[in-house]
Amino acid sequence: MAFKSAVNVKLNGVGVSPGIALGKAFVVDRGVVEISLYSLGTEQDIEKEIAMFLKAIESTRNQLQETKKKFQEKGHKEANFIIGAYLMILEDKILVDETVKHIRREKINAPWALKNTLKNLQKVFSDIDDEYLRERKNDIDYVGKRILWNLMKTEQPDMKKMQEKVIIVASDLSPTDTAHLDLNKVLGFVTNIGGQTSHTAIMAKALEIPAVVGLQTVTECTENGDDLVVDGTAGTVIINPSKKVFNEYIAIRKKYHTLEKELLKYKPLPTKTPDGIEVKLLANIEITEELPSVIHHGAEGIGLYRTEFLYTGRSEFPSEDDHFHIYRKVVETIAPNPTTIRTFDLGGDKFLSETLSTKEMNPALGLRAIRFCLREIEVFKTQIRAILRASALGKVRILFPMISNMEEMYQIDEIMEEVKNDLRTSGVPFDESIETGIMIETPSAAVIADLLAKKVNFFSIGTNDLIQYLLAIDRINEHVSYLYKPLHPAVLRMIKHIIDTAHAAHIKVNMCGEMAGEGLFTPILLGFGIDELSMNALSILKVKKIIRSFSYHDAQDLVNQILAFETAKEVEKFLINVLSSRYPKLFPELQENPVHH
Ligand code: PEP
Ligand code: MG
């Protein structure tokens, strides 16, 4: 790697796929195309400009058709449909004819004329009442950008020319952009936009490629060929690192790889404390592409299958068969272990096509998750039917999100009974003893846990939301992220209360929020008596190593001590002390920089 003027420009974003990547930047999309206006002198110039515009349209068509072919080969029906819509926009007479007219009439350059046409088209679509058509605005944006690239001969990213593996730098990556990439040549992803649930995040995690999103200005600060360090664990990117920094990261990466290899030895071993307490370690998934990683890391099942990803980016709700086919794949891959399918949790920070969403001032407190389902009962029933059908193929558990009162439980009972009766009448098989559970992620659910426990087979603590609602911290607002503290005494007391209450009612407790996969917290959860932990597959073996060497007795002692602390900071300091001395190699991040949660 050659070193330019060492600048060590450090950007902070959201680390969405852990690990360290070191390599050259490959800028795919800067997000904006700069256009200036100029006049054309002669008739000949005008004709030349028009010919150039038509050629750009043709190049765009060829590129889109090539992508469509790739999608067809890979069997991606939905993405194929999106490209079909792009091609239709490209064939639109208004787009081509109006632009040509603009060039002729006003004697202006093609990019400026096209920009005007696109603006007019956007306006027509914004004024339309129909939400589906209104959403086509994004498609016009996308197609317009593609034509402009071709027209302005902006360097088209061509990975085929790359000899070495690269780090992809983009404003954002859509599934269509990803289809253009040769994923075997990708070392890491960094983007301006996005959060934990963006397409880039999901894909990177599934492929185990380090990624940092939400960097805001990474495309402005990076040139093609710049040296980059991507720390997907800490959520940082360093542009043109000095030799010293680069070497430090080589050492960190080596430590990670050694640790990863060492941890794989734990895969076949049982998850049991030295004094015999068993904890089940399960995986969280969003898409089926994550299944190989789940198996590779020895998960004992799926503890949280977030199904909202079946709904995103589409203009109509999926059919029962759309659901069923995908559940079948997950359930059959994971069997005989259980698959816990959570009914869809749309709204809040879960992105959703505009067509399906309602605009709200406070989406996290709005018509989200179970509230949305109980409003759109037919959509809810379609999903439940598919989950029940899948339960005939392997062990399935059903999980309901965002419960905040008992009335919701009565309604769910009624709906479940109705769907089950329907299936019985039609002779469709399903697991009659299917287990149902609820997410405990609102403070009200935690407070009435004793009542809720009578209605279900298990609880699953969703710490991501529980912390947000308990501490009144918007989980996606970076301005208050310093207050988002899993170790806040209120959070710890509430978790303890939920587990104690569930155990008093003889039901099991899983935890599936991010807290479950954070090794630093494992002894606390163990001491509280958690039964199952569900997490990103990559964290499983680290947590297993801790459980196998931390006795339940010691964990209870530790819990008694931390419950006496008054602040999250004190708890964190205490934990770091205990864990970094017990496991000096297991927490390299504690030595490099303090943990940020
Ligand atoms: C949670 O809230 O902790 C959780 C697991 O659900 P999600 O992150 O999908 O809201
Ligand atoms: Mg949640």
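Because the structure is a prediction, the values reported are computed rather than measured.

Asker: Help me understand the overall build of the protein chain, please; the structure alone is not making it clear to me.
Answerer: Within the protein chain one finds 23 helices and 16 strands. The 597 residues of the protein chain split such that 53% are buried. Surface exposure of the protein chain reaches about 27000 Å², of which carbon and sulfur atoms provide 53%.

Asker: Help me out: how do you make sense of the confidence of the model for the protein chain in this one?
Answerer: Low-pLDDT stretches of the model should not have their predicted coordinates read in fine detail. On average, the protein chain scores 87 in pLDDT, and the residues at 70 or more come to 88%. Predicted confidence is poor over residues 1–6, with pLDDT under 50, and the contacts of this stretch with residues over four places away or in other chains come to 18 contacts.

Asker: Help me out: how do you make sense of the sheet that holds strand 7 (residues 227–231) in this one?
Answerer: Strands belonging to one sheet form pairs held by backbone hydrogen bonds; the direction of such a pair is parallel or antiparallel. Strand order in the open sheet formed by eight strands is 1-8-7-3-4-5-6-2, with mixed pairing between adjacent strands. This sheet does not close on itself; its edge strands, each paired only once, are strand 1 (9–12) and strand 2 (14–17). Put simply, the sheet's adjacent strands are angled 30° from each other on average, direction ignored. Bridge analysis of strand 7 against strand 8 (residues 236–239) gives four bridges, and the strand direction is antiparallel. When the sheet's bridge partners are listed, valine 230 is paired in strand 8 with valine 237.

Asker: Any chance you could explain the pattern of salt bridges here in plain terms?
Answerer: Oppositely charged side chains are able to pair whenever their charged atoms sit close together. Applying the stated rule across the entire model yields 29 salt bridges. With a closest N to O distance of 4.0 Å, aspartate 97 and lysine 93 form a salt bridge. In this pair, aspartate 97 and lysine 93 are both assigned in helix 3 (residues 93–106), four residues apart and thus about one turn of the helix distant. Look at lysine 93 and you get exposed, because its relative accessible area is 61%. Residue lysine 381 pairs with glutamate 418 through a salt bridge whose shortest N-O separation is 2.6 Å. Note that lysine 381 is positioned in helix 13 (residues 377–390) and glutamate 418 in helix 14 (residues 406–425), a separation of 37 residues in sequence. Bridged by salt links that share partners, the residues Glu308, Arg342, Asp345, Arg368, Asp465 and Arg475 form one connected network.

Asker: Would you mind going over the nonpolar core with me for this structure?
Answerer: Where a protein is soluble and globular, its nonpolar side chains tend to be buried together. Core analysis: the largest hydrophobic core is formed by 107 residues, its most contacted members being Phe400, Phe459, Ile524 and Leu533. Apart from residues lying up to four places away in sequence, isoleucine 524 is in contact with Leu487, Leu492, Leu558, Val559, Ile562, Val571 and Leu575. In terms of nonpolar packing, the next biggest core, distinct from the first, is built from 30 residues, Phe53, Ala56, Val100 and Ile147 among them.

Asker: Honestly, the packing of helix 11 (residues 320–334) against helix 13 in this entry has me stumped. Any pointers?
Answerer: In a packed pair of helices, the relevant descriptors are the angle between the two axes and the axis-to-axis distance. Running from amino to carboxyl end, helix 11 crosses helix 13 at an angle of 35°, the nearest separation of the two axes being 8 Å. Regarding helix 11 and helix 13, the two cross each other, and that crossing is right-handed. In this structure, helix 11 uses Glu320, Asp321, His323, Phe324, Tyr327 and Val331 to contact helix 13, whose residues at the interface are Thr382, Gln383, Arg385, Ala386, Ile387, Arg389 and Ala390. Taken together, the residues that form the contact of helix 11 with helix 13 break down as six nonpolar, three polar and four charged.

Asker: Can you help me understand the sheet that holds strand 10 (residues 302–306) in this one?
Answerer: The strand order 9-10-11-12-13-14-15-16 describes a closed barrel built from eight strands, whose pairing is parallel. For this sheet, the mean angle separating the axes of adjacent strands, direction not counted, is 25°. Inspection of the sheet shows strand 9 (residues 280–285) paired to strand 10 by three bridges, in the parallel sense. Residue pairing across strands places isoleucine 285 opposite tyrosine 305, the latter belonging to strand 10. Of the strands in this sheet, strand 9, strand 10, strand 11 (339–342) and strand 12 (396–400) touch helix 11, which is tilted by about 165° from strand 10. In the packing of helix 13 onto the sheet, contacts are made with strand 11 and strand 12, and the angle to strand 12 comes to roughly 155°.

Asker: What's the story with helix 14 in this structure? I'm lost.
Answerer: With 20 residues, helix 14 extends 29 Å from end C-alpha to end C-alpha; this agrees with the ideal 28 Å at 1.5 Å per step. If you check which residues of helix 14 are buried, you get Met406, Glu408, Met409, Ile412, Ile415, Met416, Val419, Lys420 and Leu423. Buried residues along helix 14 sit against helix 12 (370–375), helix 13, strand 12, strand 13 (435–440) and helix 16 (449–452). The backbone nitrogen of glutamate 407 lies 3.1 Å from a side-chain oxygen of the residue at the head of helix 14, namely asparagine 405. Backbone geometry just downstream of helix 14 places glycine 427 in the positive-phi region, at approximately 70°.

Asker: Explain unusual backbone geometry to me, please; I cannot follow it from the model alone.
Answerer: Excluding glycine, most residues fall at negative phi; most peptide bonds, likewise, are trans. A cis geometry characterises the amide bond from alanine 335 onward to proline 336, with omega recorded as 5°. Inspection of the secondary structure assignment puts proline 336 in the loop between helix 11 and strand 11. With phi around 50°, alanine 369 is a residue other than glycine that occupies positive phi space. Relative to the assigned elements, alanine 369 resides in the loop between strand 11 and helix 12. A positive phi angle, near 60°, is found at alanine 472, a position not held by glycine. Note that alanine 472 resides in the loop between helix 17 (463–471) and helix 18 (489–504).

Criteria and cut-off values
- Residues numbered from 1 in each chain as written.
- Chains lettered and ligands numbered in written order.
- Predicted model: local features only at pLDDT ≥ 70, side-chain atom pairs only at ≥ 80, totals over all residues.
- Heavy atoms only, no water.
- Helix = DSSP H or I, 4+ residues; strand = E, 2+ residues; numbered from the N terminus.
- Buried < 20%, exposed > 50% of the residue type's maximum accessible area, 1.4 Å probe, protein only.
- Areas by Shrake-Rupley, 256 points an atom, 1.4 Å probe, with all protein chains shown as cover.
- pLDDT = per-residue confidence, 0-100.
- Contact = heavy atoms within 4.5 Å.
- Pairing = 2+ DSSP bridges.
- Axes fitted to C-alpha atoms, helices over the stretch in contact; angles between N-to-C directions.
- Salt bridge = Lys/Arg side-chain N within 4 Å of Asp/Glu carboxyl O.
- Core = buried A, V, L, I, M, F, W, Y, C linked by side-chain atoms within 4.5 Å.
- Left-handed = near helix turned anticlockwise from the far one by under 90°.
- Nonpolar A, V, L, I, M, F, W, Y, C, P; charged D, E, K, R; others polar.
- Expected span 1.5 Å × (residues − 1).
- Polar contact = N/O pair within 3.5 Å; in protein donor to acceptor, adjacent residues only side chain to side chain.

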